[in-house]
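Read off the chains here:
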Amino acid sequence: MNDHWFLAIRAWRHGFLARRLVVAQGLTDAFAWAAKAPDVSTHGTLNLPRIAKTVNRVVRYGMPRGTCLIRSLVLLRILSEAGCAASLRIGIRLVNSQALAAHAWVEIDGIPVNDRPDIATDFHVVPLDEALNSRIVLAI
């Protein structure tokens, strides 16, 4: 089996686990699962665009409710397993005077991996410790 299909299967399996963790145990436990500390940073040897594209497609189209949060948790987990130090970012923005929108993405060295390069300009990035400790109800 080639590496692309192996990655797709891992992303699909991790997607269901990430969603179950977020729903059953909350974002803090899901983040702890996804962000296991890598021993060394190896992102220079990884094909980051290919990995991110595969994860985005598999989670978005291959499973129900494949939200940006689930896609980002899965990507964070896969990169962590590969020894790559990456960061989860959660941002919010005011859509109209009565509604907030939230978005999640993964960054390496301040550069988004699974989203467009200027995504942070559209959202106010919430410090991760605040996002993890908030009482925000996640609609996934």
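Residues numbered from 1 in each chain as written. Predicted model: local features only at pLDDT ≥ 70, side-chain atom pairs only at ≥ 80, totals over all residues. Heavy atoms only, no water.

1. Focus: the overall build of the chain
What counts is decided by this rule: Where helices and strands are cited, they refer to DSSP runs of H or I of at least four residues and of E of at least two residues respectively, numbered from the N terminus. In this scheme, a residue with accessible area under 20% of its type's maximum is buried, one over 50% is exposed, and one in between is partly exposed, where area comes from a 1.4 Å probe on protein chains only.
A count of helical and extended segments in the chain gives five helices and four strands. Scanning the chain from its N terminus toward the C terminus, one meets helices and strands in the order α-α-α-α-β-β-β-β-α. Split into buried and exposed, the 140 residues of the chain put 43% on the buried side.

2. Considering the sheet that holds strand β3 (residues 111–112)
Test applied: At least two DSSP bridges between two strands are required for those strands to pair.
Strand order in this open sheet of four strands is β3-β2-β1-β4, and the pairing throughout is antiparallel. Looking at the sheet topology across the chains shown, the edges are occupied by β3 and β4 (124–126). For strand β1 (residues 87–96) and β4, the ladder comprises three bridges, and the chain directions are antiparallel. Across the sheet, residue I92 finds its bridge partner in β4, namely H124.

3. Section: the pairing of β1
Note that β1 and strand β2 (residues 99–108) share nine bridges and pair antiparallel. Bridged to N96 within β2 is A99. Between β1 and β2, which pair antiparallel and follow one another directly, the connecting turn spans two residues.

4. Let's talk about the pairing of β2
Where burial is concerned, most of β2 is hidden: seven out of the ten residues are buried. In this structure, the hairpin formed by β2 and β3 is closed by a connection of two residues, where D109 is found at a positive phi of approximately 55 degrees.

5. Let's talk about the environment of P117
Mapped onto the fold, P117 is located in the loop between β3 and β4. Along the chain, P117 and E107 lie ten residues apart, while their C-alpha atoms are 9.6 Å from each other.

6. A closer look at the confidence of the model for the chain
Using the following cut-off: Per-residue confidence from the predictor is reported as pLDDT, which spans 0 to 100.
Confidence in the prediction of the chain, expressed as mean pLDDT, is 85, and 86% of residues score 70 or more. Taking the mean pLDDT of every element in the chain, the minimum, 72, falls on helix α5 (residues 128–133) and the maximum, 95, on β3.

7. Observations regarding the nonpolar core
For the record, the criterion: Nine residue types can take part in a nonpolar core, namely buried Ala, Val, Leu, Ile, Met, Phe, Trp, Tyr and Cys, and a core is a set of them joined through side-chain atoms within 4.5 Å. Contacts are assigned to residue pairs that have any heavy atoms within 4.5 Å of one another.
Within the largest apolar cluster, 36 residues are counted, with the highest numbers of intra-cluster contacts made by V55, L73, V74, L75, L79 and L88. Of all elements in the fold, only α1 (3–25), α2 (27–34), α3 (48–62), α4 (68–81), β1, β2 and α5 reach the threshold of two or more residues within this core. Once you skip the residues sitting within four places of it in the chain, L88 turns out to touch F31, S72, L73, L76, A104, W105 and L128.

8. Brief notes about the packing of α3 against α4
Going by this rule: Note on geometry: axes are lines fitted to C-alpha atoms, helical ones only across the stretch in contact, with angles between N-to-C directions running from 0 to 180 degrees. Should an angle fall under 35 degrees it is taken as roughly parallel, and over 145 as roughly antiparallel, whereas 65 to 115 is taken as roughly perpendicular and any remaining angle as oblique. Take the far helix as your reference; a near helix turned counterclockwise from it by less than a right angle gives a left-handed crossing, and one turned clockwise gives a right-handed crossing. In this classification, Asp, Glu, Lys and Arg are treated as charged, Ala, Val, Leu, Ile, Met, Phe, Trp, Tyr, Cys and Pro as nonpolar, and every other residue, Gly included, as polar.
The contact between α3 and α4 brings their axes to 9 Å, and the two run at 140 degrees. One element, α3, and the other, α4, form an angle in the oblique class. In this structure, α3 crosses over α4, and the sense of that crossing is right-handed. Of α4, the residues touching α3 (which contributes L48, I51, A52, V55, N56, V59 and R60) are I70, R71, V74, L75, I78 and L79. In the contact of α3 with α4, the residues fall into ten nonpolar, one polar and two charged.

9. Side note on the environment of A18
Structurally, A18 is set in helix α1. Residue classification places A18 among the buried positions, given a relative accessible area of 0%. In this structure, the C-alpha to C-alpha distance between A18 and V74, residues 56 residues apart in sequence, is 6.8 Å.

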